[in-house]
Amino acid sequence: LWAQYYLDNFATVAEAVKALDTRPYQLLMATDPNSGKPGTLHLALNDAAGDSAVLECIDGKLKVYHDRNHVVMTNQPTFDKQLEQLRQYRGFGGDKKLPGTHEPADRFVRGAYYVKNLPKPKSDREAVAALMSVMRNVSAPFGVADPDRPNVSTTIWRTVTDLTNGVLYYDSVFSPQVF
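Reference entry: report on the structure contained in this document. (Residues numbered from 1 in each chain as written. Predicted model: local features only at pLDDT ≥ 70, side-chain atom pairs only at ≥ 80, totals over all residues. Heavy atoms only, no water.)

1. Here we look at the side chain of D106
Move 1: With respect to the secondary-structure elements, D106 resides in helix α4 (residues 104-116).
Move 2: Here D106 occupies a buried position and makes no salt bridge, while the nearest side chain of opposite charge, R110, is found at 5.2 Å.
Move 3: For D106, the contacting residues outside a window of four places in its chain are Q85, P99, G100 and T101. (Helix = DSSP H or I, 4+ residues; strand = E, 2+ residues; numbered from the N terminus. Buried < 20%, exposed > 50% of the residue type's maximum accessible area, 1.4 Å probe, protein only. Lys, Arg positive; Asp, Glu negative; His and termini not counted. Salt bridge = Lys/Arg side-chain N within 4 Å of Asp/Glu carboxyl O. Contact = heavy atoms within 4.5 Å.)

2. So, the packing of α4 against helix α5 (residues 124-138)
Packed helix pairs are specified by the crossing angle of their axes together with the interaxial distance, meaning the distance between the axes.
Move 1: At their nearest, the axes of α4 and α5 sit 9 Å apart, and the two run at 160 degrees to each other. What the angle tells us is that α4 and α5 run roughly antiparallel. Crossing handedness for the pair α4 and α5: right-handed. Contact with α4, carried on its side by R107, R110, G111, Y114 and V115, involves V134, N137 and V138 of α5 and no other residues of that element.
Move 2: Considered class by class, the residues forming the contact of α4 with α5 number four nonpolar, two polar and two charged. (Axes fitted to C-alpha atoms, helices over the stretch in contact; angles between N-to-C directions. Parallel < 35°, antiparallel > 145°, perpendicular 65-115°, else oblique. Left-handed = near helix turned anticlockwise from the far one by under 90°. Nonpolar A, V, L, I, M, F, W, Y, C, P; charged D, E, K, R; others polar.)

3. Looking at the environment of D171
Move 1: Tracing the sequence through the fold places D171 in strand β5 (residues 167-172).
Move 2: On the basis of relative accessibility, which here comes to 4%, the residue D171 falls in the buried class.
Move 3: For D171 and M132, which are 39 residues apart along the polypeptide, the C-alpha to C-alpha distance reads 8.4 Å.
Move 4: What D171 contacts, discounting residues up to four positions off in sequence, is M132, R136, I156, W157, R158, Q177 and V178.
Move 5: A polar contact of 3.1 Å, which involves the side chain of D171, links it to the side chain of R136. (Polar contact = N/O pair within 3.5 Å; in protein donor to acceptor, adjacent residues only side chain to side chain.)

4. Focus on the nonpolar core
Move 1: The biggest cluster of nonpolar side chains holds 14 residues, and the ones touching the most others in it are W2, Y6, L45, A53 and L55.
Move 2: Taken together, the elements giving at least two residues each to this core come down to α1 (2-9), α2 (13-22), β1 (41-46) and β2 (52-58).
Move 3: The biggest single contributor to this core is α2, with five residues.
Move 4: Setting aside its immediate chain neighbours within four residues, L45 contacts Y6, V13, A16, D51, S52, A53 and L55.
Move 5: In this structure, Y65, L83, F108 and V109 belong to the second largest nonpolar core, which totals ten residues. (Core = buried A, V, L, I, M, F, W, Y, C linked by side-chain atoms within 4.5 Å.)

5. So, the pattern of salt bridges
Move 1: Applying the stated criterion to the full structure yields two salt bridges.
Move 2: Among the salt bridges present, the one from D171 reaches R136, with a minimum N-O distance of 3.1 Å. Within this pair, whereas D171 is found in strand β5, its partner R136 is found in helix α5, the two being separated by 35 residues in sequence.
Move 3: You can call R136 partly exposed: its relative accessible area is 42%.
Move 4: Close ionic contact of D171 with R158 constitutes a salt bridge, the shortest N to O distance being 2.8 Å. Of this pair, D171 sits in strand β5 while R158 sits in strand β4 (residues 157-162), and the two are 13 residues apart along the sequence. Side by side, D171 and R158 carry an identical accessibility label, which is buried.
Move 5: Each member of the salt-bridge network shares a partner with another, and the members are R136, R158 and D171.

6. Looking at the packing of aromatic side chains
Move 1: For the structure shown, the criterion picks out seven aromatic pairs.
Move 2: Centroid distance Y5 to Y6: 5.2 Å. Interplanar angle 80 degrees. Geometry classified as edge-to-face.
Move 3: For Y5, a relative accessible area of 24% translates into the label partly exposed.
Move 4: A relative accessible area of 4% means that Y6 is categorised as buried.
Move 5: Members of the aromatic cluster, joined through ring pairs, are Y5, Y6 and F10.
Move 6: A cation over a ring is seen here: K116 above F92, with NZ or CZ 4.6 Å from the ring centre. (Phe/Tyr/Trp six-rings, centres within 6.5 Å; stacked < 30°, edge-to-face > 60°. Lys NZ or Arg CZ within 6 Å of the ring centre and 35° of its normal.)

Next up, the structure:
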């Protein structure tokens, strides 16, 4: 319903972000049925003009990160910490080499690096293939789930949305085809 609210009410990311100042709302977080902990959510907003925002609900408070460069996110840590960590790596101001674990923070850094360094696509098909290759590279492998660490869970699906042509590409680990 949270995503649907934005789809129904706003044509651009800027409109959606501006409305948060004039029409605030409260998200009531459900609790995880296994751990009993309150859920944490994040939502990426993007529009056909290339604008982006990441919205996070942490401890019942909504945080907004509005910047067209915010095109990668993972489950943990919070987005502000992801951005802080990113600055430690080559290509983002630091001197560390790319991390290689399946931890969400490491996957965030690799995803940001690969997206930043993709060549300009020659076609829509090539653009989708390039983004899918990045997402497959940084996804948590199938079967890696750790019940004590739900933030390091198996990636079960990936999507690419072509906002210009209105096409959603859906990739499930349970199917060898992209729909």
